[in-house]
Structure formats: C-alpha cells, structure tokens
Amino acid sequence: MTKVTTRSLRDACGLFGTGVNVISTRHSDGDHGMTANAFMSVSLDPPLISISIGQNAKMLPLLHKAGQFAVSTLSEGMEELAWHFAGRPDPFLSDPFENLDDLPVIRGALACYACDVVNVIEAGDHTIFIGEVRGLSTDSGARPLIFYKGRFGAVAGQMPAPELCDPVAEAIW
C-alpha cells in the first residue's frame, strides 16, 4: 500500500484518463480562461455540470464575481491552446474565443457549455462550482484531446458498443 501524500494522490489520479477543458468567464476587463480536467456531468434534469478550481487559481475570484462560466472540451490537436491556458502563454495566439450565450468558448472545441452558477462548495484546497447549462454546442465529428499520466494524447480508436442483453436474462445477474 502506498502512503497517501499530495504527490501519490496526484499520480494515482493521473492514471484516470480525462478530457481537457478550458474553463472561461467574461468580465468588464475581458475574457479569462484556464485549462482544467476537473469537470463532470452532475444531472440531466435539471442540466447541471461541475468544475473544480484550486484555491490558488487566478480564475477562482473571477468565477465567484461573474456567477457564470463556460466549459470548452478541447479537440485533438488543441494542445497549444491547452498549454496557453495552463500558464504557458503563446504570444502569437490570436483570440481563440467565440461566443456561446454571451460567454467565451474555444472556437472549434469538441463541446461547449454556457452555465450559470447554482451552487458553490468548498472542498479542501478546491472550490466546486455547479452550473446549470443554459447553452450547448458540439462537434460530433471531432475527436477529444486526452490527458493521461501528465501528458496529452488522443483516442486510438473506439470499440463498438456490445449488443443489448435480453432483459429477462439481464435480470438474473
């Protein structure tokens, strides 16, 4: 058994392959974004998603103040954007944003969600924002950018879904 430290927990969580997202919001001083993978669907009815932001992130007070946020799930090939919003700015990057329901989202992203904050939960060294989705856009032909073991990657291929089981036989399990 491994002793639980911040490093061992981070390494273990890094074994869970995730999508890569840019969390963004809009203020009078402009559009702001940060790269994050702490995102999940919470509820379909009502439509809720959540993001988790570190207490030291520059984005945290902006989200509290704005009361709204957007999530852009990045597509394969958007590594430069991911690095840009992860604190390694590209000075030659032109404005990557477009609007979705009056919030900035990444142009060409796999999926984008515009949300109003409906709940905020303090959780250790992070703050969880639950947002009600008010706007949505997707590109079903794009492939996701993946983050695994501290590196970006891509989906190698997809397996077909298994055929549905006989409902009666399934009940026996």
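Structure: see above.
The notes below deal with the structure included here.

Reading the values: the criteria
- Residues numbered from 1 in each chain as written.
- Predicted model: local features only at pLDDT ≥ 70, side-chain atom pairs only at ≥ 80, totals over all residues.
- Heavy atoms only, no water.
- Helix = DSSP H or I, 4+ residues; strand = E, 2+ residues; numbered from the N terminus.
- Contact = heavy atoms within 4.5 Å.
- Salt bridge = Lys/Arg side-chain N within 4 Å of Asp/Glu carboxyl O.
- Buried < 20%, exposed > 50% of the residue type's maximum accessible area, 1.4 Å probe, protein only.
- Pairing = 2+ DSSP bridges.

Our focus in this paragraph is the environment of S52. Topologically, S52 is positioned in strand 5 (residues 48-54). Along the backbone, S52 and I130 are 78 residues apart, and their C-alpha atoms lie at a distance of 8.9 Å. In contact with S52, other than residues within four places in its own chain, are A38, H126, T127 and I128.

The next subject is the environment of P61. Among the structural elements, P61 can be located in helix 2 (residues 59-66). A sequence separation of 55 residues divides P61 from T6, and the C-alpha atoms of the two residues are 24 Å apart.

By the definition in use, this model includes four salt bridges. A salt bridge links D31 to R26; the shortest N-O distance between them is 2.7 Å. For D31, a relative accessible area of 31% puts it in the partly exposed group. Judged by relative accessible area, which is 26%, R26 ranks as partly exposed. A salt bridge links R134 to D101; the shortest N-O distance between them is 2.8 Å. Of this pair, R134 sits in strand 10 (residues 126-138) while D101 sits in the loop between strand 7 (97-100) and strand 8 (103-106), and the two are 33 residues apart along the sequence. Judged by its relative accessible area of 30%, R134 is partly exposed. One continuous salt-bridge network, built from bridges that share partners, spans D101, D116 and R134.

In this section: the sheet that holds strand 1 (residues 18-19). Overall, antiparallel pairing links the three strands, which are arranged 1-11-12 in an open sheet. Bordering the open sheet on either side are strand 1 and strand 12 (151-154), each of which pairs with just one other strand. Pairing between strand 1 and strand 11 (residues 145-148): two bridges, direction antiparallel. Within the sheet, the bridge partner assigned to G19 lies in strand 11 and is I146.

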